[in-house]
Amino acid sequence: MIRQSRKMLILFCLSLFVVARAQNGPPGGRPGGRPGGAEMPKVAITGKVLDASTGKPLEYATVVLFAKRDGRQVTGTVTAPDGSFELKDLFPGQFRMTVNYMGYKPQAIEDASPRRGSVSHDVGVIRLEPTVLPGQGVDVQADRPEFEYKIDRRVINVGQQQTALAGTAVDVLENVPSITVDVDNNVQLRGSSNFTVLIDNRPTPLDANTALQQTPASIIEQIEIITNPSAKYDPDGTAGIINLKLKKEKQGGVSGIFNANLGLNDIANRSGGDLLLSRRGTKTNVYVGVDLNQRRMPGTSRIRQKTFIGDTTLFRNSTGENDRGGSHFGLRAGMDFSATDRDLLNIGMRVGRHSNEGDSENRYDEWSEPGGAHELYRSLDENSHGGEFYSINLGYKHDFVKTGHELQAEVILGGHDGDDEDINRLFDTAGGIAEAQRATESGPSQDLRVKLDYTLPLRTEEKIQAGFQTRASSGEEKTERFIWDAASDAFVFQQPYSHTIDATHTIHSLYSTYSNAYGKLGVQAGVRGEYTGRNIRLEDTGEDFTIDRWDVFPTAHFSYTFAQGRQVMTSYTRRVQRPRDWDLEPFETWMDAYNIRRGNPDLVPEFIDSYEATFQSTAGQSLFSVEAYYRVTHNKIERIQSLYAPRITLHTMDNVGQDYSLGSEIMLNVSPLKPWNVNLMGSLYQYRVEGELLGESFSQESFNWNVRLNNTLRLTSSTRLQTNLRYNSPSVSSQGTRKGNFMTDFSLRQELLSKSLSATLQIRDVFKTGNFGFTTDAPGFTTTSRMSREAPVYMLTLTYNINNYKRDWQQENGERNGNGEGSEAADEVGGGFEQ
């Protein structure tokens, strides 16, 4: 099966190159030269493409060259992240040129011919005007696309995601086909929860899912998904990187933006707001932002469990109601200072407090077969998880005389103070407490990161990058358990189930990449070496659990650019997922009366080999993109459930074996009519996991597919309607299955007061179909569960632009402003990669 999958992937990659090459016709040619005879000196044509209104570079604009004599297409390319392009190896002749970019008016240059005797010709700066749509006598600028499929990453323009505007980063990501979200708002990327979250290209002190759940969508400009990053990036997160790029005003003077979100179902528990103010001068840029949000989501659950002990089967059925959610407060500020024309300093900080709470009431019915009377009781559960966090960064960038020759240094200090509590009470039929317990986890953690990056351009399209980074982190975690005592009517401390852990981690990294372009072929190769030192000390016993190892992470990226906006890229990366501290804790922690968690200090890191091939084509305002991938995960880590005692489940982690994914993602963006945009995206992949579980061999396999259909319709010049439909197919894990689900969202946005104010009504899960179902089949027991959340949910978002605030409609495109902004992914690779 796996060998066939590899063959299929190789054939698919070859097919992409063959088809695209066939469409392009013969290479180069001699449009204005002699069909034969002596060789003539070859020439090159260069230029740069910018947005006419903002002056920002336009990356991936399509440049096509035609022979004037017969109108035949000669060659073509796409622009680099800085908007520049170069058409090389041309025979002298008479040429005309066209330049196209989605959302902009095409432009033709009737004479792009080099002068006689010249070996190069610069057509200069080409400024493209944004497309305008006629609307009741008013010119309306075309919307930026919801999704941009770059050759090396996917970009979500959050401001265009009307249906998720009042939510968080999780709600935005739900509209991406490679993303699935469970009932607890935990994200999976291509079926894996092992990914890295960056905020403005920097790590966050929060864990990945908490960062996504606590970041309001209204403060995010873009989300980048990078599944095969280069050696310049940390290799952590086997599924890749999710980078949240927060809003920052780019125009001069003082300006800002304010958002207010109102939950129409429950204003008191589902509302919030945020404010961003900035001042940009000639040498200094200062910004400050604050956000405060409260979100709660009621729901219901139904669980059926069977436990097998000899010839007896124990049944436990439960139904219940729950109310999950939390609050978030965040403050961020920063300043950029241009000390000289070549030296830029910046400082930034983020501080805040987050909390996730959940209350649930469940009614139980227990009995056994054969025989046995039914026992009825109920439970009340309360849990809270949260704490304060901070992150401070100081950066410096120096530009040398040669363009692209630069040195960057950055220091990042972060910390998080966790404070978790879980209380579980069981009541008998008379309403008295039958048993109860309380568990707490608390402790601070700190992280220091120092990095240095150097870029050396060798020739026009050749460069070397190298860097060093050191990461040092430490943390303490105190776990305590209390049992309710009926005599004293109080919770009593339980020393045997209370522990203190001290953990220290050190990771030193060195990396280097080399990139060049050979005609239309871009090549980049890189390698990263990392030393990992880790010690976890159990203070109760004095036991130490250590890791002391070196790992190597090679990467390779190739791209080939055809004419008329067609481009192919292939890549290979090796990445790692290191176990988290709580995965390794060698003691038992009671989650509630029926569930126990125990870490596994023998866990080893997951490693993944990831292969990708992408083909992208533009035609006018339409875009088609298809990506194939094949991934193999070694030392697969999964959560394992087993029977601890009758009716009690033990949850732990183990390296179960390997998993394999072979799949494809397809995106089509078209505009059937000028005011109507349709975005159809799909993901399908074959998944297999196999290995050894609890001493027995196992193999699970499933075919998974997801689809997203987004429609945006401009009803008038100031009114926009949007609908989002998404379906996730069933899937499997090492011990169970997940049912499929379907959801529909709706939104309507109205702009007011000359577009200074906008009001957006959002309705999520319009048809109440967003239910979740799971089945677990483990030795000694089986469990089926069904969860649902309140639906539909109504939200109203009010947005006010202060002093003509304008979003940065063009991505930073690798532009460096010293604070780490811009897409580092675009900096990495050439020919389509930036050089």
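Below or above, wherever it landed, is the structure these notes cover.

Parameters and conventions
Residues numbered from 1 in each chain as written. Predicted model: local features only at pLDDT ≥ 70, side-chain atom pairs only at ≥ 80, totals over all residues. Heavy atoms only, no water. Patch = residues over 30% accessible without salt bridge, like charges linked within 9 Å, V, L, I, M, F, W, Y side chains within 5 Å. Areas by Shrake-Rupley, 256 points an atom, 1.4 Å probe, with all protein chains shown as cover. Salt bridge = Lys/Arg side-chain N within 4 Å of Asp/Glu carboxyl O. Helix = DSSP H or I, 4+ residues; strand = E, 2+ residues; numbered from the N terminus. Buried < 20%, exposed > 50% of the residue type's maximum accessible area, 1.4 Å probe, protein only. Pairing = 2+ DSSP bridges. Axes fitted to C-alpha atoms, helices over the stretch in contact; angles between N-to-C directions. Phe/Tyr/Trp six-rings, centres within 6.5 Å; stacked < 30°, edge-to-face > 60°. Polar contact = N/O pair within 3.5 Å; in protein donor to acceptor, adjacent residues only side chain to side chain. Contact = heavy atoms within 4.5 Å. Core = buried A, V, L, I, M, F, W, Y, C linked by side-chain atoms within 4.5 Å. Lys, Arg positive; Asp, Glu negative; His and termini not counted. Charge placed at Lys NZ, Arg CZ, Asp CG, Glu CD.

Our next topic: a nonpolar patch on the surface. Taken together, Val 286, Met 335, Phe 337, Leu 345, Ile 347, Ile 392, Leu 394, Tyr 396, Val 411, Leu 413, Leu 448 and Val 450 make up a surface patch of nonpolar side chains, about 900 Å² in accessible area. Those elements that place two or more of their residues in the nonpolar patch are strand E21 (312-338), strand E22 (343-369), strand E23 (375-399), strand E24 (406-427) and strand E25 (433-459). Looking at the nonpolar patch element by element, the count peaks at three residues for E23. Structurally, the position occupied by Leu 448 is in strand E25. According to the relative accessible area criterion, Leu 448 is partly exposed, its value standing at 38%.

Once that is clear, we can look at the sheet that holds strand E5 (residues 95-100). Read across the open sheet, the four strands follow the order E3-E2-E5-E6; overall the sheet is antiparallel. In this open sheet, the two edge strands, each paired with only one partner strand, are strand E3 (73-78) and strand E6 (107-109). Neighbour to neighbour, the strand axes of the sheet diverge by 15 degrees on average, direction disregarded.

If a strand is regular, its side chains alternate between the two faces of the sheet. Sheet topology note: the strand E19 (residues 270-280)/strand E20 (residues 284-309) ladder contains eleven bridges and is antiparallel. Bridge pairing in E20 places Ser 278 opposite Tyr 287. Connecting E19 to the next strand, E20, in antiparallel fashion are three residues. Of the pairings in the sheet, the one linking E20 to E21 comprises 26 bridges and is antiparallel in character. Across the sheet, residue Gly 289 finds its bridge partner in E21, namely Arg 332. From the end of E20 to the start of E21, which pair antiparallel, there are two residues, and Gly 310 there has a positive phi angle of about 60 degrees. In this sheet, strand E45 (residues 781-789) lies alongside E20 in antiparallel orientation, the contact comprising nine bridges. The partner of Ser 301 across the bridge, within E45, is Met 787.

Right, let's talk about the sheet that holds strand E17 (residues 241-246) for a bit. Neighbouring strands of a sheet are bound in pairs by backbone hydrogen bonds; such pairs are parallel or else antiparallel. The strand order across the open sheet built from six strands is E10-E11-E16-E17-E14-E15, with neighbouring strands paired in mixed fashion. Two strands in the sheet have a free side with no partner beyond their single neighbour: strand E10 (147-149) and strand E15 (202-203). Note: strand E14 (residues 196-199) against E17, four bridges, orientation parallel. Its bridge partner being in E17, Thr 196 is matched across the sheet by Ile 241.

Moving on, we come to the packing of aromatic side chains. Scanning the entire structure with this criterion turns up eleven aromatic pairs. Seen from their ring centres, Phe 315 and Trp 367 are 5.0 Å apart, and the 5 degrees between their planes marks the pair as stacked. Here Phe 315, found in strand E21, pairs with Trp 367, found in strand E22; they are 52 residues apart in sequence, far enough to count as distant. Aromatic side chains Tyr 364 and Tyr 377 sit 4.9 Å apart centroid to centroid with 10 degrees between the ring planes, which places their arrangement in the stacked category. Highlighted residues: Tyr 364 in strand E22 and Tyr 377 in strand E23, separated in sequence by 13 residues.

To continue, consider the side chain of Asp 274. Within the secondary structure layout, Asp 274 lies in strand E19. Only 2.4 Å separates the side chain of Asp 274 from the side chain of Ser 218, close enough to count as a polar contact. In this structure Asp 274 touches Ser 218, Ile 219, Ile 257, Phe 258, Asn 259, Val 290 and Asp 291, once residues within four positions along its chain are discounted.

Our next topic: the pattern of salt bridges. Tallied over the entire structure, the rule returns 44 salt bridges. When the shortest N-O distance is used, the salt bridge between Glu 174 and Arg 726 registers 3.2 Å. Within this pair, whereas Glu 174 is found in the loop between helix H2 (169-173) and strand E12 (179-181), its partner Arg 726 is found in strand E39 (residues 719-728), the two being separated by 552 residues in sequence. For Arg 726, a relative accessible area of 3% corresponds to the buried category. Linking Glu 361 and Arg 378 is a salt bridge whose minimum nitrogen-to-oxygen distance equals 3.3 Å. Within this pair, whereas Glu 361 is found in strand E22, its partner Arg 378 is found in strand E23, the two being separated by 17 residues in sequence.

Grouped together as the largest cluster of nonpolar side chains are 34 residues, with contacts concentrated most on Ile 179, Phe 195, Leu 212, Ile 223 and Ile 242. For this core, the element with the highest residue contribution is H2, accounting for four residues. Those residues in contact with Ile 223 that lie beyond four places of it in its chain are Arg 154, Val 155, Ile 156, Val 158, Ala 169, Val 172, Leu 173, Ile 242, Asn 243 and Leu 244. One finds Leu 65, Val 74, Met 97 and Ile 109 within the second-largest nonpolar core, a separate group that totals 22 residues.

This brings us to a positive patch on the surface. On the surface, a cluster of positive charge is contributed by Arg 302, Arg 304, Lys 739 and Arg 786. Here Arg 304 shows up in strand E20. A relative accessible area of 30% places Arg 304 in the partly exposed class.

All right, on to the environment of Ser 327 then. Among the secondary structure elements, Ser 327 is positioned in strand E21. What makes Ser 327 partly exposed here is its relative accessible area of 24%. C-alpha separation for the pair Ser 327 and Ser 355, spaced 28 residues apart in sequence, amounts to 5.4 Å. Once you skip the residues sitting within four places of it in the chain, Ser 327 turns out to touch Gln 214, Asn 293, Gln 294, Arg 353, His 354 and Ser 355.

Fair warning: the whole summary comes from geometry, so function is off the table for now.
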